[in-house]
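# Residue-level structure breakdown
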Amino acid sequence: MSEEVDDSTTPLLSTGGQPKVYGRRWYILIIFGMTNFTQNLVWNTWGPIAQSAKAVFGWSDSQIGQFANIGNIAYLVTVVPVCYLIERLGLRKAILGCTLLIFIGTGLRCITYDKEALTWLSYVCSVLNGIGGIVPFAGPSLVANTWFPLSERAPATAVSSVFMYMGIGISYIIGTEWVSSPVQKNSTDQINITADIGSITGFSSWNSEGTLFTSNSSDEEVTNLVAMRTDIMNMLYSECGLAGLLFLFSLLYLPAKPPTPPSTSASVQRTNYKESLRSVARNGSLIMLCFAIAIPNGVFGSWQAVLDVLLDPVGLDQVRTIK
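Counting starts from 1 at the beginning of each chain's written sequence and moves along it residue by residue. For a predicted model such as this one, the threshold for reporting local features is a pLDDT of at least 70, and the threshold for listing and counting side-chain atom pairs is 80 or more; totals across whole chains, interfaces and linings nevertheless cover every residue. Neither water nor hydrogens contribute to the side-chain values; these are computed over all heavy atoms in the structure.

### Notes on the overall build of the chain
If you tally the helices and strands in the chain, you get 13 helices and 3 strands. A total of 323 residues make up the chain; the buried ones form 44% of that total. The contact definition used throughout considers only heavy atoms, calling two residues in contact when any of these lie within 4.5 Å. If you take every contact in the chain between residues at least 6 apart in sequence, the share linking residues at least 24 apart comes to 82%. Accessible surface, the chain: about 16,400 Å² in total, of which carbon and sulfur atoms supply 64%. Where helices and strands are cited, they refer to DSSP runs of H or I of at least four residues and of E of at least two residues respectively, numbered from the N terminus. Between buried and exposed lies partly exposed: a residue is buried under 20% and exposed over 50% of the maximum accessible area for its type, with that area taken using a 1.4 Å probe on protein chains only. Areas reported as accessible are Shrake-Rupley estimates using a 1.4 Å probe. Residue values count occlusion only from the protein chains shown.

### Structural notes on the pattern of salt bridges
The term salt bridge refers to a side-chain nitrogen of Lys or Arg lying within 4 Å of a carboxyl oxygen of Asp or Glu. If you walk through the whole model with that rule in mind, you get 3 salt bridges. A salt bridge links Arg25 to Glu152, with the nearest nitrogen and oxygen atoms 2.9 Å apart. Highlighted residues: Arg25 in helix H1 (residues 25-43) and Glu152 in helix H8 (residues 150-178), separated in sequence by 127 residues. Neither residue differs from the other here; Arg25 and Glu152 are each classed as buried. Across the pair Lys54 and Asp61 runs a salt bridge whose closest N-O atoms are separated by 2.5 Å. Given the relative accessible area of 17%, Lys54 is considered buried.

### Here's the deal with helix H7 (residues 140-147)
Most of H7 sits out of view: 6 of its 8 residues are buried. Regarding H7, the residues found buried are Pro140, Val143, Ala144, Asn145, Thr146 and Trp147. Buried-residue contacts for H7 involve H1, helix H4 (91-108), helix H6 (134-138) and H8.

### Some remarks on the packing of H1 against helix H9 (residues 225-252)
Structural elements are reduced to axes, namely lines fitted to C-alpha atoms, with helices fitted over the stretch in contact, and the angle between N-to-C directions of any two is expressed from 0 to 180 degrees. Across the interface, H1 lies against H9 with an axial gap of 10 Å and an inter-helix angle of 155°. Judged on the interaxial angle alone, H9 and H1 are roughly antiparallel. Crossing geometry of H1 relative to H9 is assigned as left-handed. Contacts between H1 and H9 pair Tyr27, Ile31, Met34, Thr35, Phe37, Thr38, Leu41 and Val42 from the former with Glu239, Leu242, Ala243, Leu246, Phe249 and Ser250 from the latter. Under this grouping Gly is polar, as are all residues other than the nonpolar Ala, Val, Leu, Ile, Met, Phe, Trp, Tyr, Cys and Pro and the charged Asp, Glu, Lys and Arg. A class-by-class count of the residues in the contact of H1 with H9 yields 10 nonpolar, 3 polar and 1 charged. In this scheme, roughly parallel covers angles under 35 degrees and roughly antiparallel covers those over 145, while 65 to 115 is roughly perpendicular and the rest are oblique. The crossing is said to be left-handed when, going from far helix to near helix, the turn is anticlockwise and less than a right angle, and right-handed when the turn is clockwise.

### Things to note about the side chain of Ser122
Within the secondary structure, Ser122 sits in helix H5 (residues 115-132). Relative accessible area serves as the criterion here: at 1%, Ser122 is assigned to the buried category. Beyond its immediate chain neighbours, meaning those up to four positions away, Ser122 contacts Trp46, Trp59, Phe67 and Arg109.

### Regarding the side chain of Asn44
Along the chain, the position of Asn44 falls in the loop between H1 and helix H2 (50-57). Ignoring any residue separated from it by four or fewer positions in sequence, one finds Asn44 in contact with Ile168, Ser171, Tyr172, Gln304 and Ala305.

### Some thoughts on the confidence of the model for the chain
For the chain, per-residue confidence averages 79 on the pLDDT scale, and residues scoring 70 or more make up 78% of the total. Throughout residues 1-9 the model reports pLDDT below 50, and contacts reaching past four residues in sequence, or to other chains, amount to 23 contacts. Residue-level confidence of the predictor is summarised by pLDDT, bounded by 0 at the bottom and 100 at the top. This model gives residues 187-219 a pLDDT under 50, and the stretch forms 51 contacts once residues within four places in sequence are excluded.

### Quick word on the nonpolar core
For our purposes a nonpolar core is just a set of buried Ala, Val, Leu, Ile, Met, Phe, Trp, Tyr and Cys residues, chained together by side-chain atoms within 4.5 Å. In this structure, Ile28, Leu91, Ile95, Val135, Val143, Trp147 and Phe148 are the most contacted members of the largest nonpolar core, which totals 25 residues. Elements that contribute at least two residues to this core include exactly H1, helix H3 (61-89), H4, H6 and H7. By size, the runner-up hydrophobic cluster in this structure holds 24 residues, among which are Ile49, Ile64, Ile232 and Leu236.

### Focus on the environment of Phe163
Summarising the element assignment, Phe163 is placed in helix H8. Overall, the relative accessible area of 16% leaves Phe163 in the buried class. Distance in space between the C-alpha atoms of Phe163 and Asn40 is 8.9 Å, their sequence separation being 123 residues. Phe163 has contacts with Gly33, Met34, Asn36 and Phe37, leaving out every residue within four places of it along the chain.

As structure tokens, this is what we get:
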């Protein structure tokens, strides 16, 4: 039986060779998809539990938003050199590096629940997770081209994208089901205060009964801080465990490419990376297409990362936000 080829620089298809499809391609796709899932799950850790995190760690709304934003900034700053490394090092080393960065980042958040320390460790995690996200974001077509025949490339690419959206969606379910909402004195939900609208400043909203909904108050009014802190740390431990499991599976078995390619086109020599960048920069239609995709997705992605922060002032807590 032929052994897998890990050297990404050697041709896949030798002279006279025939394309061949391997059943292990589905394993590769699952590992890659779960990497995409985990990266997005970690990226959206704090948004769904914003009110609990603010109560336990004393964070502001802007800090909750920055945890996701810093990951995006790290992605933008490093995407070009990392994509070059993917091209040079191959799929195996790229996924190993990606899962390792996510594992290290999530592990740092498990060190302590001290407010100041966890704040900075969460920032570092956001940076590492953002850099690690380049591979699952940029790699679906590479995985499909390397392991799948022409008839399966579109579905394989779609499956990778579905894992990404699943990660964001599941983060809301896990966050709200796992982490307790703030419980305030003499209340099981939120504090309702009736006041003259003319005396109200800041973010506020009135319901049909004339009751003013306000966001969660100071830490002294919350009675379940210890329970929320325990829930949050357990969730962080679980995310770290998932990232570590993916890194372990990738380390144990994840070939860079099959012994023979699934199609003749998969063995064609790729264009030089620098030449490809110049070609893309001169392609106005492609740039417009990228803007058409990036702008609406960017707006929606930024909005969903702070959904709880945006809806809390109008009386929707983090549990009802996802419904």
